Structures are given as C-alpha cells and as structure tokens.
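Descriptive analysis of the structure
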Amino acid sequence: MQRKDTYVNIMLAVLTPLALGAVWWAASGIGSARIESGVITLTVLTVFCSCYLRIQLPRVSIYLTISDALIMLAILMYGGEIAVMIAVIETAAASVNLMRQGVAIRVKTHLINVSVATLAVFAAAKAVTLIFPSPELILQRGELTSLIWILGVMGLSLFLVNSILVAIYSSIKSERPFWRVWTGNCSDSVMMYLSGAVIAGFLVKAVDQNNLTLFAAVIGGFGIVYLTFRHFVEDVKKTVEKAKQAERARAEQAEGHVHELEHYVAELERSGSALRESHENFRHAAYHDALTGLPNRNFFIDTLRELLQKSRENLESNFAVLFLDLNRFKTINDSLGHSIGDRLIKNVAKRLSGMVRDEDMVARFSGDKFGVILCDLLSKEEATSFADRLARRLAEPYTLDGRQVFTSAKIGIAYGNSKYPEAEDIIRDADIAMYHSKDHEENYVIFDQKMHIRAVTRLQLETDLRFAIERNEFELYYQPIVGLDDSSLVGFEALVRWNHPQRGLVPPNEFIPISESTGLIIPMTVQILNSACKQVVAWQHRSPSGKPLSIAVNLSGKHFGHPALVEQIKTVLSETGIDPSYLKLELTESAVMENAETAILMLKQIKETGVQISIDDFGTGYSSLSYLHRFPIDLLKVDRSFVSAMEENTENGEIVRTVIALAKALKLKVVAEGIESVHQFHQLRILGCEYGQGYLFSKPLPVAEIERLLDDNTRWQNILPASNATVVPQSREVSQLRLAQ
Ligand code: C2E
Ligand code: CA
Ligand code: CA
C-alpha cells in the first residue's frame, strides 16, 4: 500500500468518528417538533442548489454554489443541529449526483467530503454560539453590527475548517506541501464563503421581516448573478478549451517540427558522412591506380616533389627513380587476352611491392609502365643492385590460368638531386634511360646527360619530321628485285630516305620508328605509295626484259591497323593508274601476327583491290604457322640474316631451305633479301627461290641511277653460271623433304 493511502486512511479514521459525533450531537438536539415545513423547504432547496446550481471555476476544482449560503441561513434560522443535518444530506446528495453523472470518485473521498462538510458546519455553528450565545436574540433585535459579526464568524469558520481539511486531503493526494495547496487552491474561496454569509444575512432579514420583496430581490439578484456568471464561466471554459486545443495543436506541431528537424539533422549527418566517404574515395581514386591499387603517377610526382624540396633544403635525402617497362606486354595482351594481361600486371605489381622497403614507393604510371622511388640510399650501387635483382625477379615465369607466361622489364635509373627543377624531369630522365636499356638490350641503364642530348635530338627529329612531309623532303630509293633463274629485273622495292636540310640523308631506321610513334607514318606512306606507283608506271615501257615491272612498298604495322588504309590504297591505284597486280605491299610478320584474326579480314580487303601482299623479314618475328596458311598472301621475303648465314653452311643456313620448302607448300613465291655473294645467289637458285635482292645486284638507288640501269639489258648476266643459263629449279624432293621435317 502506498504511503498516501495510509495518510488518507488515517484522515478518514480521525474525521469519520468526529463527523459521526457531530451528527450524533445534531440528531440528539433535534426534536421532531423542529422539523417544520421551512426546514424541509430549505433542505430541498439546498440539495437542489448543490446538485444543479453549481458552477466549477475554470482550472481549479472549486465549485461555486449557493448551498453554503443556505446552510448558513439554516444556522441562523434553525440552529446548528438542523444545519449539520442539512449539510450531511446536501453533501451526500451531491455525491450521489456526481456518481450518477459518471464521475469516478472513490468511496473514501465521498466519506471525507461528507465528514468535512459536517465538521465545518458543526464548527461554524459552534463558533457562532460560542461568541454569541443566543444569535436569535440579535436577529430579533435587528442589531446590525452583531449580525455582521455573526455572519463574519460563521463564514470564516466555515471557510477555515473546510479549506484546511480539503487542503490536507489534497496535499496527501498530490504529495505537495500543505501550505502550498492551501494558498494555491483553497484560500481564494474565502470570498465565496463571505459572500455566502452576506446572502444568508439578507435572506434571514427578509424572512425575519416577512419581506417577500427583499427575499425575491435576493433570490432574483442571485439568479441574475448566477446566470451571468455561469454564462461568463462557460465562455471562460470555452476560451480555456480553445486555448488548450491551440496549445495541443502547437505542441503537436512543435513535436512535428522536432521530428522533422531530427530527421533533417540525421539526413544531414548521413549525407555529410557520405560526402566525406566519397571525398575519400575520390582522393584515393585520384592518387591510385584502379587495377593494382598502387599509387599512380600523380601520387608519385607529389612524393618526388617532397623529396626534391628536402634535398634543396640540404636535408639528408639520397634517392633514385627507377622507370620500368615490361617487354612483350602488348603481344601477351593481344594474344592471350586482356584478362591475362591484367592479371600479369597485378602479379608484377605484387612482386614489385614485395621487393621495396616501407619508405620506398612503387607506382603504376600506365599500361605496362611502373615507377619506383628508392629513398635514403647509402650509395648509388644500392640502386643498381636493386635494379638487377628486380629485373631477375620480374623475369621469373608467372603462372596465370594454369599457363606459364614470361615477361621481363627494362629499367632506367635516374638519381635525384637538388638541381632538378621539377619532379617530372627526374621521371623523364629515368624514362630516357629505360629506352636506352631497350636499345642496348641491358636490364637497366643509368641516366647520363648524353642520353638527354640524344633524346632532345629525337624530339627535334620529331618536330622536323612534321615539316618534312609538307616540304616533300622524302626521296625514294629503289632497290632492284631480280628473277633468280635468269637474273632479269622484275621490279623494285621502294625504300624511303629523308633529305634533312641540316643533317643530310637520314636512314629510315632512324626516322621510321619516330614517324610511327607520332602517327606521321600514315601521310608519309600515302606520299610514298603515290610517288612509287607513279614512278614504276613511268618505267613500265623501259623494262629491259619487256616483262612488266613490279613495285614493292613497305607498310608499317601501325598503318596496317588503320581503318582508312583500304580507301587510301584504292585512291592511289586510281590516281596513278598502276595495274594493281604490280603493286606489292610488304608487311612484317609481327604486324600481321599481333592480331591475327583481324589481320586476316584486313588482308582480304586489301587483296580485293588486286594488289599483292608480301610477308617481310620472314623468320625473324613472332610467327605462327597455323595462321600462315590462312593469310591471303602472295610472297614470303626471307630475312637477310638467314641469307647471310647460308655462307657459313651452318644450322642457320638450313632455315632458308625450310622457309623455301614451306613457301612452296603454301604456294607462295619467295624473295630472298640481302644477297651479297654469288655463292648465296647460286644456293638460292638451287633451292628454287624465285626472286632476290641485295647488294650483289644493286644497292637501293635514286631515280636517276635506276634509269641508267634500265638501259642496261645484260646487267646481271655475268653472275649466272656459264654452263647453265637456264637452271632448272631445285627438285621438289628437297623441298618436300624439308617440309616433312
Ligand atoms: P626492309 O624492308 O627489310 O628493307 C631492306 C633493307 O635492307 C633496306 O634498308 C636495304 O637497304 C637493306 N639491304 C638490301 N639489300 C642489302 C644487302 O645486300 N646487304 C645489306 N646489308 N643490306 C641490304 P633500308 O633502306 O635502310 O631500310 C631499312 C628498313 O626501313 C626497311 O627494312 C624497312 O623496314 C624500313 N623502310 C624503308 N623504307 C620504308 C618505307 O618506305 N616505309 C616503311 N614503312 N618502312 C620503310
Ligand atoms: Ca621491305
Ligand atoms: Ca626485309
């Protein structure tokens, strides 16, 4: 049981016997003779007023009723005993009425209500008789001052007992201090009791003097006051209710706002963290390579800048930059597929990362190019021995998809020093050194200034090359191609030379690679094709043997993949009027093998224009015999290296035999390149090689010299064997025998 229940019980235990005592006192004091019609009327009126003419004051649980005035009237007119009984009946009736209206009030509360009312009236009646032993005398004499005193004492004692007991009860229930409850809720009712007393005074006067007018005026006045007040109270209640509703709506709205705000804040936090995350991702993406997760070039450059800055500030900072490029990566990528290519790159990245220390850095620049920064070097040899180890480690086989793949790296090394103005310059120098390691077949090369000069020269050539096309600085040299059976001129190979305004004649090996990397090879080849075709058309009628002359033009691998190539060929054919079958396009083996399937389609399209196709430098590149028979080609050109090896009668010499046998099997004609000796010439004749070119017959010559040669009909007759001017080509048995091997 709760503590307040205990207090209520105690209160009940004290009040009930006291109230019962008061009731007993009242009951024993009332003789039946005293219960006259006036008493009954007053009782009924009091009960009626208490039940029906009561107004609850807004916000407080105080009821305004005239019944207190009527009870005071009862005290004055009929004495305390009757008044106590009326009070008991009135409160009991009011309780019943409240219960009827469905107001849930506990029995204990009812008991306390009745007890309080009883005791209050008892106390008021006793107080009056205590001060004025016979109040009826005062009334009879009409002593106004004494009457006012009586009314005051009565009203006040009713108020005090009532309010104190109610406040005690309320403070128990609400667990608030008594004083606060009494001053806050009960003390205001003093006016109510005093005005009740005044009304009772008027009424008693009216009754005493039998003054109906006064009585009616009091009742009427009270009625008007009551109605006006009820109206006012109702208005106040409505306003209060409205205010409450508005407050509730505001509270709900405020709550809604709070929710919205919370949601907004949460959203803001979420988007903030998403933003932070994406910012981090962006930062990571901006500084890392997606495939390997290694730092990228930007990150590498930033780190280099810091190192450069340190070395400028004379802080201890000996570092080296290594530039790595994988060999054969493009071939692996194209032949084994991009997914193997990607995995190879990832494996290389892993090996690289595994070999450097924490303070060093490995980055992927692009494709198959990587960079390494080695920090805090004690000596320069540290970098070279690292490069050596790295090259050996990267050359170990990679197992990808169950197959072994080989690659290796070429490494350029540049040592960092404070003289470098920019980080990019160190990378550039390491890159230049890397190119040197490629050219010189070294695993690694350390950069020196001479390389830089060469690189600058190359850059200059690149610039000059652009103008060379506009200024028509290219000159074609023509190397005769000879029919080996009768040493007759059958055509030429056009070989380009660059008449550089300052440097003189630049050999093709020096500028063709540059023109390929810059894309200039395409307009250049179109120019070459045009003038070579025109030239041979002009020479046709001067053929020494009377047979038509053919022209072979070299086609770069870079140009071969170009979508406009076929159209360009057609234009050249129509512009120069050459019979397409006399134009032979030379393509290296690697150019067609790099992407064999597409190459087949491309070759077919070229063949449709009517021109012939030769495979140049046959035997030196990456070759696949399984593809060779599917290529729509006409000729194989045996590389000079094999022809020169024939001299020594070694294993290499055998290759020529095999190539010729293979060509025969594929019904291809063979051109031997680089014939320099009569011995080679005879050997090739015996093997059944159809055509040959080489210094034995002629070096590549400018137009004017070729024209002199055209007039010389018997030019190469002297190198034919005297006994056999018309040699029967080598027996088929040999060829077939070699092919079978
Ligand atoms: P290539 O197509 O294999 O040309 C044959 C090269 O061998 C020519 O070198 C020629 O001068 C040289 N040669 C011919 N017979 C002999 C010989 O008996 N002994 C020796 N030692 N060399 C001989 P060149 O003219 O310096 O051309 C080199 C390469 O440059 C060519 O090799 C070809 O790949 C490329 N090239 C030349 N002209 C052109 C061109 O117009 N377009 C393209 N794309 N490449 C060209
Ligand atoms: Ca060639
Ligand atoms: Ca060649």
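Residues numbered from 1 in each chain as written. Chains lettered and ligands numbered in written order. Predicted model: local features only at pLDDT ≥ 70, side-chain atom pairs only at ≥ 80, totals over all residues. Heavy atoms only, no water.

With that settled, consider the site of ligand 1. Near ligand 1, the surroundings consist of 21 residues, among which Gln479, Arg497, Arg640, Glu676 and Tyr695 are the closest. Between ligand 1 and glutamine 479 there is a distance of 3.0 Å, counted from a nitrogen atom to a side-chain nitrogen or oxygen. With respect to ligand 1, the side chain of aspartate 616 contributes an N or O atom lying 3.1 Å from an oxygen atom. In isolation ligand 1 exposes 780 Å². Once the protein is present, 84% of that is buried. Looking at the shell around ligand 1, the elements with two or more residues in it are strand S11 (488-500), helix H17 (508-518) and strand S15 (612-618). Top contributing element to the shell around ligand 1 by residue count: S11, with four residues. Considered class by class, the residues forming the shell around ligand 1 number eight nonpolar, six polar and seven charged. (Near = heavy atom within 4 Å. Polar contact = N/O pair within 3.5 Å; in protein donor to acceptor, adjacent residues only side chain to side chain. Areas by Shrake-Rupley, 256 points an atom, 1.4 Å probe, with all protein chains shown as cover. Helix = DSSP H or I, 4+ residues; strand = E, 2+ residues; numbered from the N terminus. Nonpolar A, V, L, I, M, F, W, Y, C, P; charged D, E, K, R; others polar.)

The next thing to look at is the coordination of the calcium ion (ligand 3). In this structure, Asp616 (OD), Asp617 (OD), Glu673 (OE) and Glu673 (OE) serve as the protein donors to the calcium ion (ligand 3), at separations of 2.1 to 2.5 Å. Sequence spacing among the residues donating to the calcium ion (ligand 3) works out to D-D-x55-E. The metal-metal distance between the calcium ion (ligand 3) and the calcium ion (ligand 2) is 4.0 Å, with aspartate 616 coordinating both. Within this pair, whereas aspartate 617 is found in strand S15, its partner glutamate 673 is found in the loop between strand S17 (669-672) and helix H26 (678-687), the two being separated by 56 residues in sequence. Overall, glutamate 673 belongs to the buried group, its relative accessible area being 11%. (Donors = N, O, S within 2.8 Å, 3.2 Å for Na, K, Ca; no water. Buried < 20%, exposed > 50% of the residue type's maximum accessible area, 1.4 Å probe, protein only.)

Overall, mixed pairing links the five strands, which are arranged S4-S5-S3-S8-S9 in an open sheet. Looking at which strands have only one partner, the edges of the open sheet turn out to be strand S4 (361-366) and strand S9 (444-446). Mean inter-strand twist for the sheet, computed between neighbouring axes without regard to direction, equals 20°. With six bridges connecting them, strand S3 (residues 320-326) and strand S5 (residues 369-374) associate as antiparallel partners. If you follow aspartate 325 over to S5, its bridge partner there is lysine 369. Along the sheet, helix H13 (residues 338-355) makes contact with S3, S4 and S5, crossing S5 at roughly 10°. (Pairing = 2+ DSSP bridges. Axes fitted to C-alpha atoms, helices over the stretch in contact; angles between N-to-C directions. Contact = heavy atoms within 4.5 Å.)

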